[in-house]
Amino acid sequence: MRAARTILAVLALVLAVRSPAWADPPFDPKDPAMAKYISGDKRSGYTFAEPETRAMQDDDFMNPAMLWVGKGETLWSTVEGSAGKSCASCHGKAEETMTTAGAHYPKYDAGERKVVNLEQRINLCRSQAMGAAEWKYESEPLLAMTTYVKMQSRGVPVSVVVDGPAAPWFDAGRRFYYERRGLNDVACAHCHVDHWGQHIRTELLSQGMTNGFPTYRLKWQKLGSLHRRMAGCNEEIRAEPYPLGSFEYVALELYLAWRAQGLLVETPSVRK
Ligand code: HEC
Ligand code: HEC
């Protein structure tokens, strides 16, 4: 009964506006230009995007997210806090010292005894290493720095550790992903595992991969974090969103990073 109701709910959403192309993403899988956005049966959201959106991402001069990258670069060498240090004081040139970090978060932090994502790692350095105030989640400086750091890993395959002390987060994230929630009684997996490649209203459902975050969304007219996107997807199914940076969303982020393993970091991505 319940399963039937869920299928009906998803179908109702998927069929809400049936667009003419009821088919695969708008690209030829054999197109060599798409090869670096595909790993086995995993496809980056890039392969589902309109050609104009892809073109914006392809060209750093056209990509609006580069504005934030520029801000991040300035902040990198800005001295702040009681220790009188900048990021550069300890980490030198980001292009040399941050070339892989973005591909390996979220990660278990032995000092904190919990899994932290990149935003939280940056804030730990601010509060503990610099004696500076933490940046608020989704604030301009945190978005800028996260994007700047993660972009240094562009082209590096996503790879995260999900066993050992990280296992409880991974398990919680996976459970979240398959759990029905909200008034529509729908799970993340219903859309991004069962129905990718199909249209839902005006949008083409992707596999919900995370290798391009933070992302510039045309709909937002600005850069946004993965947690903002998660909250949006939660609202989409009329489920209560969790606070950005919460245990639930970091756990989900770890699970999503594991799903995206093998895809290359493409931060900053551009999406509709
Ligand atoms: C009712 C269908 C639906 C559900 C359920 C849903 N999403 Fe989405 N999601 C979308 C749509 C539509 C988009 C925008 C197009 C696309 O990339 O699929 C999207 C985009 C995303 C993206 C961005 C992909 C990219 O390439 O930028 C992520 C990540 C994502 N969703 C994660 C989730 C998570 C996590 C959940 C569960 C909390 C979830 N979604 C539940 C419909 C859904
Ligand atoms: C006083 C020195 C110091 C300063 C200043 C500092 N950090 Fe760190 N940072 C560290 C240390 C030490 C580690 C390693 C921590 C660990 O592994 O437990 C680290 C780790 C990191 C990592 C994770 C790297 C990885 O491969 O896991 C990132 C990202 C990072 N810092 C970013 C920043 C940013 C951004 C700033 C400025 C806002 C900053 N740090 C300022 C000392 C510093």
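In what follows, the structure referred to is the one given above.
Residues numbered from 1 in each chain as written. Chains lettered and ligands numbered in written order. Predicted model: local features only at pLDDT ≥ 70, side-chain atom pairs only at ≥ 80, totals over all residues.

Some points on the nonpolar core
Heads up, the rule is: Put simply, a nonpolar core is buried Ala, Val, Leu, Ile, Met, Phe, Trp, Tyr and Cys residues tied into one set by C-beta atoms within 7 Å. Whether a residue is buried, exposed or partly exposed is read from the other C-beta atoms within 10 Å of its own C-beta, which are placed from the backbone; 20 or more gives buried, 12 or fewer gives exposed, and intermediate counts give partly exposed. Put simply, DSSP marks the helices as runs of H or I at least four residues long and the strands as runs of E at least two long, and each gets a number from the N terminus on. Start and end points for every domain follow an automatic or database-based domain assignment.
Ranked by size, the top nonpolar core spans 26 residues in total, and within it V115, V158, W169 and L254 carry the most contacts. Listing elements by their share of this core, those giving two or more residues are β4 (114-116), α8 (167-178), α10 (226-236) and α11 (247-259). Looking at this core, the element that brings in the most residues is α11, giving 8 residues. A domain split of this core shows at least three residues from each of domain 1 (2-62 + 158-271) and domain 2 (66-151). Counting 19 residues, the second largest nonpolar core, distinct from the first, contains L75, A94, L142 and L223.

What to know about helix α6 (residues 118-130)
Every α-helix winds through 3.6 residues per turn, so residues three or four apart in the chain are directed the same way. Where we set the bar: By definition here, a helix of n residues has an expected span of 1.5 Å times n minus one. The contact rule is simple: place each C-beta atom from the backbone, and if two of them lie within 7 Å, those residues are in contact.
With 13 residues, α6 should reach 18 Å at 1.5 Å per residue; the first-to-last C-alpha distance of 17 Å fits that figure. Along α6, the residues that are buried comprise L118, E119, Q120, I122, N123 and R126. In this fold, the buried residues of α6 make contact with β4 and α7 (140-151).

Topic: helix α3 (residues 66-76)
We count it as follows: Note that the arc is defined by the directions from the helix axis to the C-beta atoms.
Taken residue by residue, α3 has W68, V69, G72 and L75 as its buried positions. Looking straight down α3, one finds that the buried residues subtend no more than 120° of arc, so they occupy a single side. Pointing more than 90 degrees away from the buried face of α3 are the exposed residues G70 and T74. Check the buried side of α3 and you find it contacts α7 and β8 (222-224).

Some thoughts on the site of ligand 1
The line we're drawing: We call a residue near a molecule or strand if the C-beta atom, set from the backbone, is within 6 Å of it. Gly is put with the polar residues, along with every residue not named as nonpolar or charged; the nonpolar set is Ala, Val, Leu, Ile, Met, Phe, Trp, Tyr, Cys and Pro, and the charged set is Asp, Glu, Lys and Arg.
Taken together, 25 residues are adjacent to ligand 1, and G45, C188, C191, S206 and C233 come closest. Looking at the shell around ligand 1, the elements that each hand over two or more residues are α9 (188-192) and α10. Element by element, the count of residues in the shell around ligand 1 is highest for α10, at 5 residues. Each residue belonging to the shell around ligand 1 can be placed in one class, and the counts come to 12 nonpolar, 9 polar and 4 charged.

As for the site of ligand 2
Within the structure, ligand 2 sits among 15 residues, and C87, C90, A101, C125 and A129 are positioned closest to it. Counting residues per element, the ones that place at least two in the shell around ligand 2 are α4 (87-91), α6 and α7. With 6 residues, α6 is the single largest residue contributor to the shell around ligand 2. Of the residues in the shell around ligand 2, the class split is 9 nonpolar, 3 polar and 3 charged.

Considering the sheet that holds strand β9 (residues 269-271)
Quick reminder of the rule: By definition, two strands form a pair when at least two bridges between them are found by DSSP. Angles here are taken between N-to-C directions and fall from 0 to 180 degrees, while the axes themselves are lines fitted to C-alpha atoms, restricted in helices to the stretch in contact.
Ordered by their spatial adjacency, 3 strands build an open sheet running β8-β7-β9, and the pairing between neighbours is mixed. Strands with a single pairing partner mark the edges of an open sheet, and in this sheet they are β8 and β9. On average, each strand axis in the sheet is tilted by 35° relative to the strand beside it, whichever way the strands run.

Focus: the packing of α3 against α7
Defined as follows: Oblique is the label for any angle not under 35 degrees, not over 145, and not in the 65 to 115 range, which are roughly parallel, roughly antiparallel and roughly perpendicular in turn.
At a minimum axis separation of 7 Å, α3 and α7 run at an interaxial angle of 90°. Compared by their axis directions, α3 and α7 come out roughly perpendicular. For the pair α3 and α7, the contacting residues are W68, V69, K71, G72, E73, L75 and W76 in the first and P141, L143, A144, M145, T147, Y148 and M151 in the second. Here the contact of α3 with α7 is built from residues that sort into 10 nonpolar, 2 polar and 2 charged.

Remember that the coordinates give geometry; whether it matters functionally is a separate question.
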